[in-house]
Amino acid sequence: MITRRTLTALRRAPLSRALSSRASTVLSALDLHSARELPGVYDGEWGGSGEVLQSVCPTTGEVLARVQSATPAELQRALERSREAYQVFRNVPAPKRGEILRQIREALAAKRDALGALISLEMGKIRTEGVGEVQEFVDIADYAVGLSRMMNGRVVASERPGHSILEVPNPLGVVAVLSAFNFPVAVYGWNLALSLAAGNATLWKPAPSTPLCSIAVTKIVSAVLERNGVPGAVAGLVTGGKDVGVGVVESKLVDMVSFTGSEAVGRQVGQSVQSRFGKILLELGGNNAAVVMPDADLDMAVPSVFFGAVGTAGQRCTSTRRLYLHSSIVQTFLSRLESLYQSVRPGDPLDSATLLGPLHTQQAVKVYHDAIDRLQQKGAEILTGGASYRDLPAPLNGGNFVMPTIAIPQEVNVTDPLWSTETFAPVLCVGVFDELEQAIEWNNGVPQGLSSSLWTRDIRNVGKWIGPAGSDAGIVNVNVGTSGAEIGAAFGGNKSTGWGRESGGDAWKQYVRWSACTLNFSDAAPLAQGVQFSNTA
């Protein structure tokens, strides 16, 4: 039997492996020294003695680092410390919280390129997208700095003399953020910035396959908190698998859960949080459609659909999954799109010339192949793609590279899983329509409702598309692709996407608790609606 002392010694021993120079350069830039297991819990102090998570590079298959996740006891302590930190932080004036966010923004900007490279290394998206993701965090921190002086309530006129009614926002409590692998930094940033501006403590449970991104970001944020004398558990971290996620979601110490992930898991999370009357913010599946009219500018539409379907190897929530083309432009559009598909080559995401990186895991590769099999079994034409890349040079031969695929099913039937199920991979299904109304019906006919895109130069089409009988998605674009939202507007989807809203707009209002406060500064106490409740005449 291995004693506890021996087990501890083994954990502290250097890992017997040689890390590639491409990986070691990226990790060293962020002080992630992977020769030993890294602590994956932060609650004001770094720790972790639970299950060991492996961070695997999807480009090469090499193990980047091993991370010690949270035990049940460590999770409970992190939850309790988050609660204690909230009780301190809620009393910090909102503009002071904004100043702390400004410092976080500056610290992130100073490490933007290094963090972007880490995203490319651990998640697999190309370098420019990795850097762009960190820029999203920088941008939302900028936004939240201003917001900290503008999180206003309202004064409502009272029907009673000498009375005023105030609608007052106050800090909510502890906000748990369960983020997905595909945006391992930005989604947390959207939530953290608004949550901190609102005066909450935030506890982050990242995807188990991207622990290094969460550790690097938490180190940057915690250093700012420490310099300002703020408890570190205001921005805590618990890495781990399903058990840790369940523990966070079910905890009554958590006032609000923000979950990004699949529809199936989101349904379970929503039910669990609602069962204890917690607040829930869900960002789930996106089965997004682009509709191209005959008057569309194809010089804009074709490259935008290409990025929407192939960017991030089809692993964005807003990736273009469905393409509906007017019958008069089918051949022209597909010929140009296929040329772009055939021009793209897989490569190292850290190479600035690369446009196509790997899928994140081997399981994702299986999802891709299962989708191709279903399409072929139902007689769909595979216009291009449909297989994994073979015979790639080392070290790419250890990666999860698949060919971006354009498929033309025999018919458009939005109740068929070919159309109604999101495939989180670069698989684009094409349908042909004659009237915009038919395309809108197809766009709306699936369970999901995240993003949608119409390409036209006819203002009448625009009016139909964005109006009451138009797209029912949360993002309704015109001459803009489905993918690549800015932080200024609220981000989120409808229907089985979860109805959640993050980032800009009025999203901040979810991170506070609202109170209606009636103030009586008169010498009488009349009842509303003229009610009389007195035993005197």
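Since the structure is predicted, the reported quantities are computational estimates derived from the model, not experimental observations.

Visitor: Is there a simple way to think about the nonpolar core in this case?
Guide: General note: in soluble globular proteins, nonpolar side chains tend to be found buried as a group. Among the nonpolar cores identified, the biggest contains 75 residues, and Leu32, Leu118, Leu121 and Leu212 are the most heavily contacted of them. If you tally residues by element for this core, the top one is helix H7 (residues 186-198), at 10 residues. Formed by 56 residues, the second largest nonpolar core is a distinct cluster that contains Tyr341, Ala364, Ile372 and Val430.

Visitor: How should empty space enclosed by the protein be read in this particular structure?
Guide: A water-sized probe rolled over the atoms picks out the places where empty space is left. Enumeration according to the criterion identifies two cavities of 30 Å³ or more in this entry. Quantified by volume, the largest cavity comes out at close to 140 Å³. As for the largest cavity, its lining consists of 13 residues, of which Leu418, Thr421, Thr423, Val427 and Cys429 are closest to the centre. At the level of elements, strand S14 (320-326), helix H13 (362-377), helix H14 (417-420) and strand S17 (427-433) are the ones that each hand at least two residues to the lining of the largest cavity. The class makeup of the residues in the lining of the largest cavity is seven nonpolar, three polar and three charged. Together, Asn287, Asn288, Arg322, Asn443, Val446, Gln448, Gly449, Leu450, Ser451, Ser452, Asp472 and Ala473 line the second largest cavity. Taken together, the elements giving at least two residues each to the lining of the second largest cavity come down to strand S18 (448-449) and strand S19 (451-455). Partitioning the lining of the second largest cavity into residue classes produces three nonpolar, seven polar and two charged.

Visitor: Please explain a nonpolar patch on the surface as it appears in this structure.
Guide: Together, Leu527, Val531 and Phe533 give the surface a local cluster of nonpolar side chains, amounting to about 350 Å² of exposed area. Structurally, Phe533 is set in the segment after strand S24 (512-520).

Visitor: Sorry if this is basic, but what is going on with the state of the cysteines here?
Guide: Every disulfide links exactly two cysteines, by a covalent bond between their sulfur atoms. Across all of its chains, the model carries zero disulfides by this definition. Cys57 provides the cysteine sulfur closest to Cys213, a residue in no disulfide bond, and the two sulfurs are 11 Å apart. Unpaired in terms of disulfides, Cys317 finds its nearest cysteine sulfur in Cys213, a separation of 16 Å.

Visitor: Looking at this structure, I do not really get the packing of aromatic side chains. What am I missing?
Guide: A ring pair, where both rings are aromatic, is described by two values, the distance of the centres and the angle of the planes. Summed over all chains, the structure comprises nine aromatic pairs. Seen from their ring centres, Tyr188 and Trp204 are 3.7 Å apart, and the 5 degrees between their planes marks the pair as stacked. Here the residue Tyr188 occupies a position in helix H7, and Trp204 occupies one in strand S9 (residues 201-205), the gap between them amounting to 16 residues. An identical accessibility class is assigned to Tyr188 and Trp204; each is buried.

Visitor: Even after reading the chapter, I still don't get the pattern of salt bridges, so can you show me in this structure?
Guide: If the charged atoms of two oppositely charged side chains come close together, the side chains can form a pair. Summed over the entire model, instances satisfying the criterion amount to 20 salt bridges. For Asp255, the salt bridge identified is with Arg83, shortest N-O distance 2.4 Å. Remark: Arg83 occurs in helix H3 (residues 72-89) and Asp255 occurs in the loop between helix H9 (242-250) and strand S11 (256-260); sequence separation between them is 172 residues. Bridged by salt links that share partners, the residues Asp43, Glu45, Arg77 and Arg81 form one connected network.

Visitor: It is not clear to me how the sheet that holds strand S3 (residues 46-47) should be interpreted in this structure. Could you clarify?
Guide: Think of a sheet as strands paired side by side through backbone hydrogen bonds, with each pair either parallel or antiparallel. One open sheet accounts for seven strands, arranged S3-S2-S10-S9-S8-S11-S12; its pairing is mixed. Looking at the sheet topology across the chains shown, the edges are occupied by S3 and strand S12 (279-283). Set on the sheet, H9 makes contact with strand S8 (174-178), S9, strand S10 (235-238) and S11; between it and S8 the angle comes to about 150 degrees. Here helix H10 (residues 263-275) sits on the sheet and contacts S11 and S12; the angle it forms with S12, its principal contact strand, is near 170 degrees.

Visitor: Hey, could you run me through unusual backbone geometry in this one?
Guide: Working note: non-glycine residues mostly have negative phi, and peptide bonds are mostly trans. For the peptide bond that leads from Ala394 to Pro395, omega is 5 degrees, which places it in the cis range. Here Pro395 is to be found in the loop between strand S15 (381-384) and strand S16 (405-408). Look at Gln529: it is not a glycine, yet its phi comes out positive at around 60 degrees. Here Gln529 shows up in the segment after S24. Gln529 sits in the exposed class, given a relative accessible area of 64%.

Visitor: Any chance you could explain the side chain of Asn191 here in plain terms?
Guide: Of note, Asn191 is situated in helix H7. The class of Asn191 is buried, set by a relative accessible area of 0%. Of the polar contacts made by the side chain of Asn191, one reaches the side chain of Ser258; its length is 2.8 Å.

Visitor: Just checking my understanding: could you explain the pairing of S10 for this structure?
Guide: Across a regular strand the side chains alternate sides, sitting on one face of the sheet and then on the other. Where burial is concerned, the two faces of S10 agree: the one with Ala235 and Leu237 and the one with Gly236 and Val238 are both buried. Where strand S2 (residues 41-42) and S10 come together, two bridges link them in antiparallel fashion. Each bridged residue has a counterpart across the sheet, and for Val41 the counterpart in S10 is Val238. When S9 meets S10, the two strands line up parallel, connected through three bridges.

Visitor: Whenever I open this one, the pairing of S11 confuses me. Can you help?
Guide: Buried residues dominate S11, accounting for five of its five residues. Where burial is concerned, the two faces of S11 agree: the one with Met256, Ser258 and Thr260 and the one with Val257 and Phe259 are both buried. Bridge count for S8 against S11 is four bridges, and the pairing is parallel. The residue bridging Leu178 from the neighbouring strand is Phe259, located in S11.

Visitor: Hey, could you run me through the layout of surface pockets in this one?
Guide: Quantified by volume, the largest pocket comes out at close to 1200 Å³. If you list the elements that add at least two residues to the lining of the largest pocket, you get H9, S11, H10 and H13. Per element, the largest residue contribution to the lining of the largest pocket is six residues, and it comes from H10. Looking at the lining of the largest pocket residue by residue, the class counts come to 17 nonpolar, 17 polar and seven charged. Surrounding the second largest pocket, 23 residues form its lining, Glu136, Phe183, Trp190, Arg316 and Thr318 being those nearest its centre.

The rules we used
Residues numbered from 1 in each chain as written. Predicted model: local features only at pLDDT ≥ 70, side-chain atom pairs only at ≥ 80, totals over all residues. Heavy atoms only, no water. Core = buried A, V, L, I, M, F, W, Y, C linked by side-chain atoms within 4.5 Å. Buried < 20%, exposed > 50% of the residue type's maximum accessible area, 1.4 Å probe, protein only. Helix = DSSP H or I, 4+ residues; strand = E, 2+ residues; numbered from the N terminus. 1 Å grid on protein atoms, 1.4 Å probe; cavity = no way out; pocket = protein on both sides within 12 Å on 5 of 7 lines; lining within 4 Å. Points joined across faces, edges and corners; volume = space filled by probe spheres on them. Nonpolar A, V, L, I, M, F, W, Y, C, P; charged D, E, K, R; others polar. Patch = residues over 30% accessible without salt bridge, like charges linked within 9 Å, V, L, I, M, F, W, Y side chains within 5 Å. Areas by Shrake-Rupley, 256 points an atom, 1.4 Å probe, with all protein chains shown as cover. Salt bridge = Lys/Arg side-chain N within 4 Å of Asp/Glu carboxyl O. Disulfide = S-S within 2.5 Å. Phe/Tyr/Trp six-rings, centres within 6.5 Å; stacked < 30°, edge-to-face > 60°. Pairing = 2+ DSSP bridges. Contact = heavy atoms within 4.5 Å. Axes fitted to C-alpha atoms, helices over the stretch in contact; angles between N-to-C directions. Polar contact = N/O pair within 3.5 Å; in protein donor to acceptor, adjacent residues only side chain to side chain.

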